[in-house]
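Summary of the model geometry
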Amino acid sequence: MQQKAYYCYMKAQNRIKKPIRKIFDWFLRVTIVGLIAFIALVVFIFNPEILYAKQHSIAGWQVLSEQSLDLDAWEAEILKAQNLIKQSEIYDPSYSFRVCLNDQKYYPKVVNRLLGNGFAHGFGDLIVLHTEDDAEAGCAHLNGYDWELSRLLAHEAVHGLQYHRLGLFKSNPIANIPNWKWEGYAEFIARADNSLGDFQSCARTARQLLASKNQFWVAFENGSGMPSHLFQDYVKVRFCLEVEKQSWIALLADTRSKDEIDDAIVDYVNAGIESH
């Protein structure tokens with residue numbers, strides 16, 4: 001009787017273990033496949049050279065393309081971008097970039113899907129353009145909008161410098177730095193030559209944009225422009241760094257909200273008007 005009872009017990013245990021073992025085996029396979037796919041994706045994202053037909057060394061940067069380029073025109077745009085990012089407190093002259101053009105069939109689309117639609121993306125030492133680029137005219141075109149190519153390159157290069165300075169885990173999206181500080185600083189450096197004029201006029205434009213919430217694009221006299229939300233971020237950062245004389249690293253620790261910064265800008269502009 002004892003042997004029979006033991007046999008029945010073991011049989012029941014095996015019935016329980018088999019489904020559990022199957023679930024474990026399935027989970028293990030899925031985990032391994034997922035890990036392999038993730039590693040393959042990382043290799044794909046950070047090694048775009050494997051997909052592009054041509055690699056051009058221009059002014060210390062690598063430009064990846066499918067087609068032949070006007071190297072002189074691209075050099076002029078890259079040099080302008082480099083001169084802008086040199087104004088950044090986080091600039092590192094030893095850090096160079098790889099620029100991936102939008103003439104490759106797959107790579108830019110995958111990056112756009114992963115990181116969200118945009119004119120370009122900058123991460124690590126990579127700048128991925130999603131625009132139709134005319135280096136000779138100095139323009140990056142997307143959906144009927146024009147961005148100055150050198151400033152777009154500078155903007156995305158600053159994102160690379162942000163990652164380089166702060167490290168992956170202290171950078172966006174992991175660190176959850178307010179977007180106006182992250183994006184606004186990149187555009188502040190891309191406009192380091194104050195091409196948009198004095199701060200007060202920019203602040204007044206930003207105020208008008210706040211009142212007109214449906215305006216997507218801010219157009220400039222030279223035919224280029226930028227998204228209105230980015231312009232507002234730029235004005236906030238310019239106020240903190242140019243008027244208040246903060247560093248960007250100090251700004252990261254500033255606990256004021258966007259609305260509080262906007263109020264401070266209004267007070268500053270109004271004080272300037274009254275003084276005149």
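The structure displayed is predicted, hence computed values, not measured ones.

Turning our eyes to something else, we now look at the packing of aromatic side chains. As enumerated under the stated definition, the model contains 19 aromatic pairs in all. Aromatic ring contacts, followed pair by pair, group F119, Y145, W147, F216 and W217 into a single cluster.

This next bit is on the sheet that holds strand β6 (residues 132-134). As a general point, the strands of a sheet are linked pairwise by backbone hydrogen bonds and lie either parallel or antiparallel. What the three strands build is an open sheet, ordered β6-β7-β8; its pairing is antiparallel. This sheet does not close on itself; its edge strands, each paired only once, are β6 and β8 (145-148). Along the sheet, successive strands turn relative to each other by an average axial angle of 25 degrees, direction set aside.

Of all hydrophobic cores here, the largest spans 72 residues; its most connected members are Y107, L129 and F231. Tallying contributions element by element places helix α4 (residues 149-166) first for this core, with nine residues. Discounting chain neighbours no more than four positions away, the residues touching Y107 are F44, I45, P48, L51, Y52, C100, F123, L126 and V128.

Across the junction of N172 and P173, the peptide omega takes the value 5 degrees, indicating a cis bond. Along the chain, P173 turns up in the loop between α4 and α5 (179-190). Positive phi is not limited to glycine here, since N176 has a value of about 55 degrees. For N176, the position within the fold is in the loop between α4 and α5. Although it is not a glycine, N194 sits at a positive phi angle of roughly 55 degrees.

Parameters at a glance
- Residues numbered from 1 in each chain as written.
- Predicted model: local features only at pLDDT ≥ 70, side-chain atom pairs only at ≥ 80, totals over all residues.
- Heavy atoms only, no water.
- Phe/Tyr/Trp six-rings, centres within 6.5 Å; stacked < 30°, edge-to-face > 60°.
- Pairing = 2+ DSSP bridges.
- Helix = DSSP H or I, 4+ residues; strand = E, 2+ residues; numbered from the N terminus.
- Axes fitted to C-alpha atoms, helices over the stretch in contact; angles between N-to-C directions.
- Core = buried A, V, L, I, M, F, W, Y, C linked by side-chain atoms within 4.5 Å.
- Buried < 20%, exposed > 50% of the residue type's maximum accessible area, 1.4 Å probe, protein only.
- Contact = heavy atoms within 4.5 Å.

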